[in-house]
Amino acid sequence: MNTLALFESMSTISTTMLEVARANDWDRLAELEREMGQIRNELMRIEPDPRENAKLSRAEQEHKASLIAGMLENDREIRRHVEPWLASTRKLLSGTALERAVRAAYGP
């Protein structure tokens, strides 16, 4: 698979990630994040030199830049959905940790 096709796959996954983030489907989001990481690793393996981009036609370079810009925009919106959930999870976990510390110090 060429690098442009990998970027297109990443873009598709990014769009799906946004949809599942909007639906608060955190398990599916984690799965998609792993898929995205696998593609990223493949890109790093086959395109370690940033100068590889120069081998693309002008239209391909513009398409690649457009895909990246779209993924960045998706990422910003995904974060807007995920950050409140992460904050509440952190609060819940810190409360549980505090409760355990109190129990350890003073008993049940």
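Conventions used here
- Residues numbered from 1 in each chain as written.
- Predicted model: local features only at pLDDT ≥ 70, side-chain atom pairs only at ≥ 80, totals over all residues.
- Heavy atoms only, no water.
- Helix = DSSP H or I, 4+ residues; strand = E, 2+ residues; numbered from the N terminus.
- Buried < 20%, exposed > 50% of the residue type's maximum accessible area, 1.4 Å probe, protein only.
- Contact = heavy atoms within 4.5 Å.
- pLDDT = per-residue confidence, 0-100.
- Salt bridge = Lys/Arg side-chain N within 4 Å of Asp/Glu carboxyl O.
- Core = buried A, V, L, I, M, F, W, Y, C linked by side-chain atoms within 4.5 Å.
- Expected span 1.5 Å × (residues − 1).
- Polar contact = N/O pair within 3.5 Å; in protein donor to acceptor, adjacent residues only side chain to side chain.

### Side note on the overall build of the protein chain
Link 1 in the chain: For the protein chain, the helix and strand inventory stands at three helices and zero strands.
Link 2 in the chain: Secondary structure of the protein chain in N-to-C order comes out as α-α-α.
Link 3 in the chain: Here the protein chain holds 108 residues, and the buried ones make up 26% of them.
Link 4 in the chain: Taking contacts inside the protein chain between residues at least 6 apart in sequence as the whole, the part at least 24 apart equals 69%.

### Points about the confidence of the model for the protein chain
Link 1 in the chain: Residues with a pLDDT of 70 or more make up 86% of the protein chain, whose mean pLDDT is 87.
Link 2 in the chain: Ranking the helices and strands of the protein chain by mean pLDDT puts helix α1 (residues 3-22) first, with 96, and helix α3 (residues 58-106) last, with 84.

### Section: the pattern of salt bridges
Link 1 in the chain: Per the stated rule, a full pass over the model turns up seven salt bridges.
Link 2 in the chain: Between R58 and E62 there is a salt bridge; the shortest N-O distance is 3.4 Å. A residue pair is termed a helical-turn pair when its members lie 3 or 4 positions apart in one helix, as R58 and E62 do in helix α3 at four residues.
Link 3 in the chain: With relative accessibility at 60%, the residue R58 sits in the exposed group.
Link 4 in the chain: Close ionic contact of R76 with E73 constitutes a salt bridge, the shortest N to O distance being 2.9 Å. Here R76 pairs with E73, and both are found in helix α3, just three residues apart, close to one helical turn.
Link 5 in the chain: If you follow the salt bridges from partner to partner, you end up with R28, E31 and E35 in one network.

### Overview of the nonpolar core
Link 1 in the chain: Ranked by size, the top nonpolar core spans 19 residues in total, and within it M10, I13, M17, L29 and I78 carry the most contacts.
Link 2 in the chain: Those elements that provide at least two residues to this core are α1, α2 (26-46) and α3.
Link 3 in the chain: Top contributing element to this core by residue count: α1, with nine residues.
Link 4 in the chain: If sequence neighbours within four positions are ignored, L29 has contacts with M17, V20, A21, I78 and V82.

### Things to note about α1
Link 1 in the chain: In a regular helix each residue adds 1.5 Å, so 20 residues correspond to 28 Å; α1 covers 29 Å between its end C-alpha atoms and thus fits that length.
Link 2 in the chain: Along α1, the residues classified as buried are T3, L4, L6, F7, M10, S11, I13, S14, M17, L18, V20 and A21.
Link 3 in the chain: Two or three places before L4, at the opening of α1, N2 has a side-chain oxygen 3.1 Å from that residue's backbone nitrogen.

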